[in-house]
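Residues per chain are reported as follows:
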Amino acid sequence: MTIVSVYVLILVGGVVRASGSGMGCPDWPKCFGSWVPPTSVDQLPVNYKEVFGEKLKGEVIFNPVKTWIEYVNRLVGVLIGFFIFITFVISFIAFRKSDKLIVGLSFLSFLLVGFEGWLGAKVVSSELHPGMITIHMLVSIVIVLLLIYVVFRSFSVDSRHQHFSHSRPVNFLLVIGVFLMIAQIVFGTQLREGVDLAQKLLGDENRDSWIGTLGGKIFYHAFLSALILLVTLIFNRKLGRLFNEKGIRNWGLGLVIVVSVSILTGALMGIFGIPPVFQPVHLLLSVLILGIQFVLYMMLNPGLVYWGLNEGKK
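For the structure given in this document, a descriptive report is provided here. Computed from a predicted structure; not experimentally measured.

**Examining the nonpolar core**
Thought 1: Judged by nonpolar contacts, the single largest core of 56 residues is most densely connected at Ile143, Phe235, Leu239 and Leu296.
Thought 2: The element best represented in this core is helix α5 (residues 130-154), accounting for 13 residues.
Thought 3: Leaving out residues up to four positions away in the same chain, isoleucine 143 has contacts with Val6, Ile84, Leu112, Val113 and Glu116.
Thought 4: Judged by nonpolar contacts, the second largest core, of nine residues, contains Cys31, Leu44, Phe52 and Phe62.

Listed below in structure tokens is the structure:
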């Protein structure tokens, strides 16, 4: 549940970016000076532009839709903070004696959520500085991977996990896929910065022209996507030949499907001029691919994942 909620937060964050709602609330943690954001400009002081604009060294324009999109993003972030704290408490109760690493990583995840909230404040105060936005996203990915590891490792305490001696042929392909995906996400942040600049210069009404400002970057992004799909298909084929375990094979098939859908959403954005509905979905699928790759790596390398546990509990 906690892992799903973090993915939901990534999706909501993508909606914030796609809708241009990053400055929907010009202050933090409150929104226009209130814990409950206004729904109408009449609820704001007459000089609200001067008050908040001076604070941020920029112009503030109230838009109730964007304000509430950003505010919901913050509420989801707070809710996830509670979920991860509960996860830490449960892990402490259940594993404080049997597996201290689970407890430690659960606590680290909780600390990172607090750090993520602080970064959110810095994103607002920096008026959506691209570098701050990128760090904000990367920390959320780290939180997801930590939680996946904690959940995966926790099942090892009460069950015996098989060690696969024939996983080496597919491990190499999987590792290549992971590095390609990380490179794609990092490169995608560069594209996003270019899109942000195009949005600022051309405006939302000229969204169809944004792609043209990205130059050759968009083709490199597409080439990398095709390479990721190729490696994933080869990996999945070898996985099917070497393993009869239904669980592993299903995860491999799921990886192929998610990679394919991600490429489809990217292609649709290129064809239709980056429609807002596809931007958050494309981002979510990218992080989901990395998560599935991480799960497959743990399934293929249980000896590394369950390091430090007693042999009888593996």
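**As for the side chain of serine 109**
Thought 1: Summarising the element assignment, serine 109 is placed in helix α4 (residues 100-125).
Thought 2: If near-sequence neighbours (up to four positions away) are discounted, serine 109 is found in contact with Ile84, Leu146 and Leu147.

**Overview of the packing of aromatic side chains**
A ring pair, where both rings are aromatic, is described by two values, the distance of the centres and the angle of the planes.
Thought 1: Within this structure, the stated rule accounts for eight aromatic pairs.
Thought 2: With a centroid separation of 5.4 Å and an interplanar angle of 80 degrees, the aromatic rings of phenylalanine 32 and phenylalanine 62 are classed as edge-to-face. Here phenylalanine 62 lies in the loop between α2 (48-56) and α3 (64-95) and phenylalanine 32 lies in the loop between α1 (2-18) and α2, a separation of 30 residues in the sequence.
Thought 3: Relative accessible area serves as the criterion here: at 11%, phenylalanine 62 is assigned to the buried category.
Thought 4: Ring geometry for phenylalanine 88 versus phenylalanine 92: centroids 6.4 Å apart, planes at 45 degrees, classification tilted. Placement of both phenylalanine 88 and phenylalanine 92 in helix α3 is noted, with a separation of four residues, approximately one turn of the helix.
Thought 5: Ring-pair connections join several aromatic residues into one group, and the members of that group are Phe85, Phe88, Phe92, Phe107 and Phe110.
Thought 6: The cationic tip of arginine 96 hangs over the ring face of phenylalanine 92; the distance from NZ or CZ to the ring centre is 5.7 Å.

**Here's the deal with the packing of helix α7 (residues 217-242) against helix α8 (residues 246-271)**
Thought 1: Where α7 contacts α8, the two axes come as close as 10 Å, and the packing angle between them is 165 degrees. As the angle between them shows, α7 and α8 are arranged roughly antiparallel. α7 and α8 meet at a crossing whose hand is left-handed. Residues Ser225, Ile228, Leu229, Thr232, Leu233, Phe235, Asn236, Leu239 and Gly240 of α7 form the contact with α8, whose own contacting residues are Ile248, Arg249, Gly252, Leu253, Leu255, Val256, Val259, Ser260 and Ile263.
Thought 2: Residues of the contact of α7 with α8, tallied by class, amount to 11 nonpolar, six polar and one charged.

What counts, and where the lines are drawn
- Residues numbered from 1 in each chain as written.
- Predicted model: local features only at pLDDT ≥ 70, side-chain atom pairs only at ≥ 80, totals over all residues.
- Heavy atoms only, no water.
- Core = buried A, V, L, I, M, F, W, Y, C linked by side-chain atoms within 4.5 Å.
- Buried < 20%, exposed > 50% of the residue type's maximum accessible area, 1.4 Å probe, protein only.
- Helix = DSSP H or I, 4+ residues; strand = E, 2+ residues; numbered from the N terminus.
- Contact = heavy atoms within 4.5 Å.
- Phe/Tyr/Trp six-rings, centres within 6.5 Å; stacked < 30°, edge-to-face > 60°.
- Lys NZ or Arg CZ within 6 Å of the ring centre and 35° of its normal.
- Axes fitted to C-alpha atoms, helices over the stretch in contact; angles between N-to-C directions.
- Parallel < 35°, antiparallel > 145°, perpendicular 65-115°, else oblique.
- Left-handed = near helix turned anticlockwise from the far one by under 90°.
- Nonpolar A, V, L, I, M, F, W, Y, C, P; charged D, E, K, R; others polar.

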